[in-house]
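# Survey of secondary and tertiary structure
What follows is each chain in one-letter form.
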Amino acid sequence: MKKIYLYLLILVLVIPTTIAFASGEFDYIVIKGPGITGDINVSNPELTQDYLAFADFTKGSIDPPAVPGQGYQVVRMYTEGSKGVPYDQLHYYPYTGYVYYDGIVNGFSEYGTKWYPANPAVEKPFRAALAEDARLAWIPFAIFAVLLIAFMIAYQKRSKPGS
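Residues numbered from 1 in each chain as written. Predicted model: local features only at pLDDT ≥ 70, side-chain atom pairs only at ≥ 80, totals over all residues. Heavy atoms only, no water.

All right, on to the overall build of the protein then. Scanning the protein from terminus to terminus reveals three helices and six strands. Secondary structure elements of the protein, listed N to C terminal, follow the sequence α-β-β-α-β-β-β-β-α. When each of the 163 residues of the protein is scored for burial, the buried share is 29%. Accessible surface, the protein as shown: approximately 11,000 Å² in total, 63% of it carbon and sulfur. (Helix = DSSP H or I, 4+ residues; strand = E, 2+ residues; numbered from the N terminus. Buried < 20%, exposed > 50% of the residue type's maximum accessible area, 1.4 Å probe, protein only. Areas by Shrake-Rupley, 256 points an atom, 1.4 Å probe, with all protein chains shown as cover.)

This paragraph deals with the sheet that holds strand β3 (residues 72-80). The six strands are arranged β2-β1-β3-β4-β5-β6 in an open sheet whose pairing can be described as antiparallel. Lying at the two open borders of the sheet, with one neighbouring strand each, are β2 (40-42) and β6 (114-117). If you compare each strand with its neighbour and ignore which way they point, the axes differ by 30 degrees on average. When strand β1 (residues 28-32) meets β3, the two strands line up antiparallel, connected through five bridges. The partner of V30 across the bridge, within β3, is V75. (Pairing = 2+ DSSP bridges. Axes fitted to C-alpha atoms, helices over the stretch in contact; angles between N-to-C directions.)

One can find V67 in the loop between α2 (45-48) and β3. Since its relative accessible area comes to 66%, V67 is described here as exposed. It is 8.7 Å that separates the C-alpha atoms of V67 and T96, two residues lying 29 residues apart in sequence.

Okay, the confidence of the model for the protein next. Confidence in the prediction for the protein averages 82 pLDDT; 76% of positions are at 70 or higher. Under a pLDDT of 50 for its full length, residues 6-22 has, in the predicted model, six contacts with residues more than four places off or in other chains. (pLDDT = per-residue confidence, 0-100. Contact = heavy atoms within 4.5 Å.)

What follows is about the packing of aromatic side chains. Enumeration according to the criterion identifies 13 aromatic pairs in this entry. Centroid distance F54 to Y92: 5.3 Å. Interplanar angle 70 degrees. Geometry classified as edge-to-face. Taken as a pair, F54 in the loop between α2 and β3 and Y92 in strand β4 (residues 83-93) lie far apart in primary sequence, 38 residues in all. By relative accessible area, which is 0% here, F54 ends up buried. For Y92, a relative accessible area of 2% puts it in the buried group. Relative to Y111, the ring of F57 has its centre 5.9 Å away and its plane inclined at 25 degrees; by these criteria the two rings are stacked. Of this pair, F57 sits in the loop between α2 and β3 while Y111 sits in the loop between β5 (98-104) and β6, and the two are 54 residues apart along the sequence. An aromatic cluster of at least three residues, connected via ring pairs, comprises F26, Y51, F57, Y87, Y101, Y111 and Y116. (Phe/Tyr/Trp six-rings, centres within 6.5 Å; stacked < 30°, edge-to-face > 60°.)

Quick look at the structure:
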């Protein structure tokens, strides 16, 4: 009898979470890949609000491409308290239009470990996120350059001893 209560408790806790993620609605995605130092956290709704944003897994998988090209690892995350928790992972190849769906983190999906054609609508917001990261990467360098120039000007203008 105690086992039945335990199973019911597990179902009550798991089913609402599963239903919520079946419709998408991730809090943010983490992108890793070429040209990116560290990770990029992106919360653009075009990339997070639909489970099928990167590829329509329900339309079926395709044969692995001969040369998929340059790809990016995308981990879809949800927030539990103040901690990010990974839900699933995929590899997105924006330049050739493919998605390799790794699957649910610490779980199983019938769509996992397969190739899919990428959703063309996701390319623009994805590239915008990469471009924004590239712009932000220059800010520390620009601040350093301005401080260095200011220091050099101040050094040149200081009064020289004996003059």
